[in-house]
There are 4 protein chains.
Amino acid sequence: MPLSPDQQAEIDAQRAQPRQTLRTVSEGLEARLYTATPVLDHGFVRVVDYMGDDAAICQAARVSYGRGTKSVSNDAGLIRYLMRHWHSTPFEMCEIKLHVKLPIFVARQWIRHRTANVNEYSARYSILDREFYIPASEHLAAQSTTNSQGRGETLSGDEAARVLDILREDAGRAYDHYEAMISQDGQAGLARELARMNLPANIYTQWYWKTDLHNLLHFLRLRADAHAQYEIRAYADAICDIVRDWVPASYAAFEDYRMGGATLSATALDCLRRMLKGEEVTQENSGMSKGEWREFVGVIEG
Amino acid sequence: MPLSPDQQAEIDAQRAQPRQTLRTVSEGLEARLYTATPVLDHGFVRVVDYMGDDAAICQAARVSYGRGTKSVSNDAGLIRYLMRHWHSTPFEMCEIKLHVKLPIFVARQWIRHRTANVNEYSARYSILDREFYIPASEHLAAQSTTNSQGRGETLSGDEAARVLDILREDAGRAYDHYEAMISQDGQAGLARELARMNLPANIYTQWYWKTDLHNLLHFLRLRADAHAQYEIRAYADAICDIVRDWVPASYAAFEDYRMGGATLSATALDCLRRMLKGEEVTQENSGMSKGEWREFVGVIEG
Amino acid sequence: MPLSPDQQAEIDAQRAQPRQTLRTVSEGLEARLYTATPVLDHGFVRVVDYMGDDAAICQAARVSYGRGTKSVSNDAGLIRYLMRHWHSTPFEMCEIKLHVKLPIFVARQWIRHRTANVNEYSARYSILDREFYIPASEHLAAQSTTNSQGRGETLSGDEAARVLDILREDAGRAYDHYEAMISQDGQAGLARELARMNLPANIYTQWYWKTDLHNLLHFLRLRADAHAQYEIRAYADAICDIVRDWVPASYAAFEDYRMGGATLSATALDCLRRMLKGEEVTQENSGMSKGEWREFVGVIEG
Amino acid sequence: MPLSPDQQAEIDAQRAQPRQTLRTVSEGLEARLYTATPVLDHGFVRVVDYMGDDAAICQAARVSYGRGTKSVSNDAGLIRYLMRHWHSTPFEMCEIKLHVKLPIFVARQWIRHRTANVNEYSARYSILDREFYIPASEHLAAQSTTNSQGRGETLSGDEAARVLDILREDAGRAYDHYEAMISQDGQAGLARELARMNLPANIYTQWYWKTDLHNLLHFLRLRADAHAQYEIRAYADAICDIVRDWVPASYAAFEDYRMGGATLSATALDCLRRMLKGEEVTQENSGMSKGEWREFVGVIEG
């Protein structure tokens, strides 16, 4: 269960008290406020607060470009123009604050995105809960043989069962020992900041994470990508749905220009021009390495 | 006049349309939304949007410290504790977006604070208005003789009058020539991105500036300080009033621990301890340079 | 003259004293250390210090990817791989410190790149020199008619001459008045922090600017681009030459993937695939706006 | 053993090849380059590269303040002045790159300092080594009873022995299972990115970490502090020694103004002034809470 009864009660109370504001309001995001979207087996993402919407992006752009933006007929067109030309500062004018519950090994990937504000649950002060990420068996896969990183084939039922047994038993035992070490029953009890070192990387932690829309979209481009590890991608996908509701025009432009788009090198563009003129271009005469050529063919064949 | 009629009409329309939200609301800041506070002769600061309040800071701190924060009886006490121990991340959970009109030489000091989002009016796209900062004569002062930076005595009436004549005439002439160069009347008209180089640093520009509360307080500590140049201090003072209305408990803690407080070196603390024991401490036996000693005496004599 | 005799003497002394180090050394950049590359009429760029080289980028990448990088045969191949897949952190392991002399209106564009360290000459403490950027007449151009930003046709000789007269006279007069206001001859003398407001945006300032290679390449992609204002592009071009000497493999990859490359949207990729299959695609059946289509045709026709 | 034979051989080879440079050289740091300082039971810190020294800080300050810095007689005095008045930008002109081996729970605290560049060993690509932090028994302490965070009394011999047995056995078993899951002997072998989730937070990781001197000193102020967790403080102490050798004047100023200094609130300063006048000030008439008063007494009694 992603939320404790206490957390749910607090959230329900907050949802029951709409208030008046003069600020920009995103109807799509208001509908999501204080509701937690489940992710993985015990995790969640929920929107705690936000600032701005599609109109606020255009407003900021129009401060910058003044009359220069008059020629663009409407907000959606302006947003597409900004996204296409990498004018990132107007997107920085929107901000979102999320409450996320996630396994520690996912948190360690996530925190590498530095342009964000974070308040994480502290296991120096407080005791972590007995909650561990145990993958569904369809997500248990072998090391990829073609890619030095990432997963290949799904494990067979027997092998998957062995893995799940290990993960469950080790997590349970580690937590039992964590509790035994901090217990003050008949002993002093080890400090929490030390005892936590016995816990495995699939235990859940929580944080408040706040970032601006430009940096959020950059995060999503990397983490909602097919090459990202499945577990962080599950969070990125949930956040994509949130962003679509929050700033629909920006999200549509992001899908077209970033998620669905591709960057081609000068060498690749040259090949493309030759191909469009009818020339037969192969890896051998392309000027690309085998790896690059394979990726290039992937892009132009879709 | 700080706001154009168009700007005022847009603001009035926005103020007339309160909407419902489930987000945290700061009543003090709602009262200020869309009202421009005049600064200097043509400048202003106005709040465009905000996220969070004192309660949101405590909420984020309690996520981090869990049960550890239960012992602090109330929000104001928790906020004082966080401020005193330099726990900055909870303050980063609040965000504010300001629309500021300011002279370019002030903007150049301001922009050195890098942890913020900015959209500035672009003089490549658009034409700057004929508005220049001309100081009030009581703010015209001589170079300080004791401080290699900053101002000393106010200028005499005659000298002040000469200065004001120069500033007004040069600004007016520079703007006339700016208009003449970009004019397309009987000539091609110089590109705006080039013509702007003729304009002096007291011409006004505008920007949207968005930052979190932690970084804003750091900005205010440096720029609302008595050693800051008067012109940027005028903006910082206006923002201090805004922050007081937005997050009163945080602002009170900031005034006590930062604006009114002082940092003492190990050497200074040693002198202090000797003085409290009744020893006579002088610059000669203090271990401090003359400059440090003068500053130390300033702190302990208040 | 870009460097004062004092500055030149100091630089010559530094160049005369090579020392031993165990650090990574870039021979290409050592040859440039302490030599100033002239930019515009009075500006310059010179390398003050640097950290790392192409090998240091690979070393950092190999810490991250361990055995995963063994399959890439050599450093140049690894660097191309990192650049192609937007693995930016290894490039952040190189750092460079530049001393730049530049007009204030260029400095104002430059400073918008926030991920850098800056120490600028302070006109609060010190007196600015009488040096202004006066464009060569071939760089005086009209406002573009097709682009709301940027330059179009070069001005005619007569109009250019009028512009140059204005720029020279206004700058000279503004500086005469600046000197008159701060003079302590028979008067108190206006504080420098105030007098500077009379100086136009084409006066030169100086700064030390330090950034990592990843952020520097991002700066160059935007500022060495054909759409950047000529005056900042002149600096970016000078820095491109420096980077080529410093990290030749990284610079070659940057030229291929960034400067010479292009990002295509999902819509554009779809058009491309149809074209490669022999279908006739026009703006009308492309799903793109006229502006996007024009840019797309520009990319595929080269 | 903190370094593998391969790593040591590579380091020895690098130390054997001094090269010439025109850059600023810190003799103190050259003596440390490529030598690893052991930290905890299997960790280390070693300097990989650096940029700048005390003189470079002064050089940057003198660019900013021009003649304003002439009055300060020497570099050490200027550095003290900069540190005392929080002029941070000159310290940002120095940069250092460290190679650190550290337990994951320490890495998680460390990474919260966001203004740095990081390349961490990736357990998606590579296999982690069987090395875990097992505390020395004198560092095993109970949860503090006066502080909701941190450690109190050292554990008794019996309790310590029980804790050490748990930590050693659980780490060993978790690593055995990690190896069993990724093994491709008679099974497909679980992907590394998944298997790592079974490993506890005391396993060692490695990274390259690069930051500027200003941000490094901020890190050290927080992490070399008596309130920091012992395990990260061990790293901070090792880095303090490195910084002392690198920039001795800056480090001396840092010790005086930051590590040994204290920040007093307006309320505390008021109490101090009353005490210096001979008034008896107690917690009751101080205006401070009990917690603040206790900290205040700690500062003035030393």
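Predicted model only: the values in this text are computed from it and were never measured. (Residues numbered from 1 in each chain as written. Chains lettered and ligands numbered in written order. Predicted model: local features only at pLDDT ≥ 70, side-chain atom pairs only at ≥ 80, totals over all residues.)

So what's going on with unusual backbone geometry? Which residues, and what values?
Backbone geometry follows two general trends: most residues other than glycine have a negative phi, and most peptide bonds adopt the trans configuration. All names here are of chain C. The phi torsion at Tyr34 lies on the positive side, around 70°, for a residue other than glycine. Inspection of the secondary structure puts Tyr34 in the loop between helix H2 (27-30) and strand E2 (36-39). The class for Tyr34 is partly exposed, based on 19 C-beta atoms found within 10 Å. In this model, Leu40 sits at a positive phi of 55°, which is unusual for a non-glycine residue. With respect to the helices and strands, Leu40 occurs in the loop between E2 and strand E3 (43-51). (Helix = DSSP H or I, 4+ residues; strand = E, 2+ residues; numbered from the N terminus. Buried ≥ 20, exposed ≤ 12 C-beta atoms within 10 Å, placed from the backbone.)

Describe the sheet that holds strand E4 (residues 95-103) of chain C, naming the residues involved and giving the relevant values.
All names here are of chain C. Strand order in the open sheet formed by 5 strands is E2-E3-E4-E8-E5, and the pairing between neighbours is antiparallel. In this open sheet, the two strands that pair with only one neighbour each are E2 and strand E5 (117-120). Each adjacent strand pair in this sheet contributes to an overall mean axis angle of 20°, direction not counted. Strand direction decides the pairing type here: E3 and E4, joined by 7 bridges, are antiparallel. Within the sheet, the bridge partner assigned to Arg46 lies in E4 and is His99. The sheet contacts of helix H8 (residues 213-223) involve E4 and strand E8 (204-212), and relative to E8 the element is tilted by about 125°. (Pairing = 2+ DSSP bridges. Axes fitted to C-alpha atoms, helices over the stretch in contact; angles between N-to-C directions. Contact = placed C-beta atoms within 7 Å.)

So, the pairing of strand E2 (residues 36-39) of chain D: which residues are in play, and what are the values?
One ladder, built from 4 bridges, connects E2 of chain D with strand E3 (residues 43-51) of chain D; its direction is antiparallel. Within E3 of chain D, the residue paired with Val39 of chain D across the bridge is Gly43 of chain D.

Break down the relation of the copies chain D and chain B for me, citing the residues and quoting the values.
Note on the identical chains: chain D maps onto chain B by a rotation of 180° and an axial translation of 0.0 Å, with an RMSD of 0.0 Å. Taken together, the rotation and translation describe the operation of a two-fold axis. Relative to the rotation axis, the C-alpha of Thr263 of chain D is the closest in chain D, positioned 2.0 Å from it. Mapped onto chain B, 100% of the interface residues of chain D are again interface residues, and the two copies thus contact each other with one and the same surface. (Least-squares fit on C-alpha atoms with pLDDT ≥ 70 in both.)

Give me the lowdown on the interface of chain B and chain A, citing residues and values where you can.
Residue-level contacts link 43 residues of chain B with 43 residues of chain A. Of all the elements in the fold, those that place two or more residues in the side of chain B that touches chain A are helix H1 (5-15), strand E1 (19-21), strand E3 (43-51), helix H3 (54-65), strand E4 (95-103), strand E5 (117-120) and strand E8 (204-212) of chain B. Here the residues of the side of chain B that touches chain A sort into 17 nonpolar, 14 polar and 12 charged. The pairing of strand E1 (residues 19-21) of chain A with E1 of chain B spans 3 bridges and is classified as antiparallel. (Nonpolar A, V, L, I, M, F, W, Y, C, P; charged D, E, K, R; others polar.)

Residues and numbers for the packing of helix H4 (residues 75-84) of chain D against helix H10 (residues 248-259) of chain D, please.
All names here are of chain D. One can describe the packing of H4 onto H10 by two numbers: an axis separation of 9 Å at closest approach and a directional angle of 40°. When the axis of H4 is compared with that of H10, the two are oblique. Classified by chirality, the crossing of H10 by H4 is right-handed. Residues Asp75, Ala76, Ile79, Arg80, Met83 and Arg84 of H4 touch H10, and the partners they reach there are Ala249, Ser250, Ala253, Phe254 and Tyr257. (Parallel < 35°, antiparallel > 145°, perpendicular 65-115°, else oblique. Left-handed = near helix turned anticlockwise from the far one by under 90°.)

Which residues make up the interface of chain D and chain B, and what values do they have?
Contact residues are listed per partner, giving 26 residues for chain D and 26 residues for chain B. Mapped onto the side of chain D that touches chain B, the elements with two or more residues apiece are H4, H10, strand E9 (262-264), helix H11 (266-276) and helix H12 (290-301) of chain D. Sorting elements by how many residues they give to the side of chain D that touches chain B places H11 of chain D first, with 7 residues. Across the side of chain D that touches chain B, the residue classes tally to 10 nonpolar, 12 polar and 4 charged. Sheet topology note: the strand E9 (residues 262-264) of chain B/E9 of chain D ladder contains 3 bridges and is antiparallel.

I'd like a rundown of the packing of helix H6 (residues 157-182) of chain B against helix H6 (residues 157-182) of chain C, residues and numbers included.
A pair of packed helices is characterised by two quantities: the angle between their axes and the separation of those axes. At a closest axis distance of 11 Å, the pairing of H6 of chain B and H6 of chain C adopts a crossing angle of 170°. The orientation of H6 of chain B with respect to H6 of chain C, classified from their angle, is roughly antiparallel. Between H6 of chain B and H6 of chain C, the contacting residues are Val163, Ile166, Asp170, Arg173, Ala174, His177 and Met181 of chain B on the first element and Val163, Ile166, Asp170, Arg173, Ala174, His177 and Met181 of chain C on the second. When its residues are assigned to classes, the contact of H6 of chain B with H6 of chain C shows 8 nonpolar, 2 polar and 4 charged.

Tell me what's going on with the relation of the copies chain B and chain A, and back it up with residues and numbers.
With an RMSD of 0.0 Å, chain B superimposes on chain A once it is rotated by 180° and translated 0.0 Å along the axis. When you check the interface residues of chain B against chain A, 100% turn up at the interface there too, and the contact is symmetric in its surfaces.

Tell me about helix H9 (residues 230-246) of chain B, residues and numbers included.
Counted at 1.5 Å a residue, the expected span for H9 of chain B with its 17 residues is 24 Å, and the 24 Å between its end C-alpha atoms agrees. Here H9 of chain B has its buried residues at Glu231, Ile232, Ala234, Tyr235, Ala236, Ala238, Ile239, Ile242, Val243 and Trp246 of chain B. (Expected span 1.5 Å × (residues − 1).)

Please give an account of the sheet that holds strand E2 (residues 36-39) of chain A that cites residues and values.
Residue and element names in this part refer to chain A. Strands sit in the order E2-E3-E4-E8-E5 across an open sheet of 5 strands; the sheet is antiparallel. Edge positions in the open sheet fall to E2 and strand E5 (117-120), since each of these has one partner strand only. The average angle at which neighbouring strand axes cross in this sheet is 20°, direction not considered. Sheet contacts for helix H8 (residues 213-223): strand E4 (95-103) and strand E8 (204-212); angle to E8, the most-contacted strand, approximately 125°. Helix H9 (residues 230-246) contacts E2, strand E3 (43-51) and E4 of the sheet and is inclined by roughly 35° relative to E3.

Describe the nonpolar core, listing the residues and the values that go with them.
Ranked by internal contacts, the top residues of the largest apolar core, which has 325 residues, are Tyr235 of chain A, Tyr235 of chain B, Tyr235 of chain C together with Tyr235 of chain D. Examining the composition of this core, we find that 10 residues originate from one element, H9 of chain A, more than from any other. Not counting the four nearest positions on each side in its chain, Tyr235 of chain C is found in contact with Val39, Val45, Val100, Leu102 and Val106 of chain C. (Core = buried A, V, L, I, M, F, W, Y, C linked by C-beta atoms within 7 Å.)

Describe H12 of chain D, and please don't skip the residues or the numbers.
Between its first and last C-alpha, H12 of chain D extends 16 Å over 12 residues, near the 16 Å set by a 1.5 Å rise per residue. Positive phi shows up at Gly302 of chain D, right after H12 of chain D, with a value of about 80°.

Break down the environment of Ala266 of chain B for me, with residues and values.
Its place among the elements puts Ala266 of chain B in helix H11 (residues 266-276). Taking the number of C-beta atoms within 10 Å as the measure of exposure, Ala266 of chain B has 16 and is therefore partly exposed. Ignoring anything within four residues of it in the chain, the contact list for Ala266 of chain B reads Asp256, Gly260 and Gly261 of chain D.

Report on the environment of Thr205 of chain B, specifying residues and quantitative values.
Among the secondary structure elements, Thr205 of chain B is positioned in strand E8. A sequence separation of 58 residues divides Thr205 of chain B from Thr263 of chain B, and the C-alpha atoms of the two residues are 36 Å apart.

Just give me the short version of the confidence of the model for chain A, but keep the residues and values in it.
Chain-level pLDDT for chain A is 92 on average; 94% of the residues reach the 70-or-more range. Interface confidence for the predicted complex, expressed as ipTM, amounts to 0.93; the pTM equals 0.95. (pLDDT = per-residue confidence, 0-100.)

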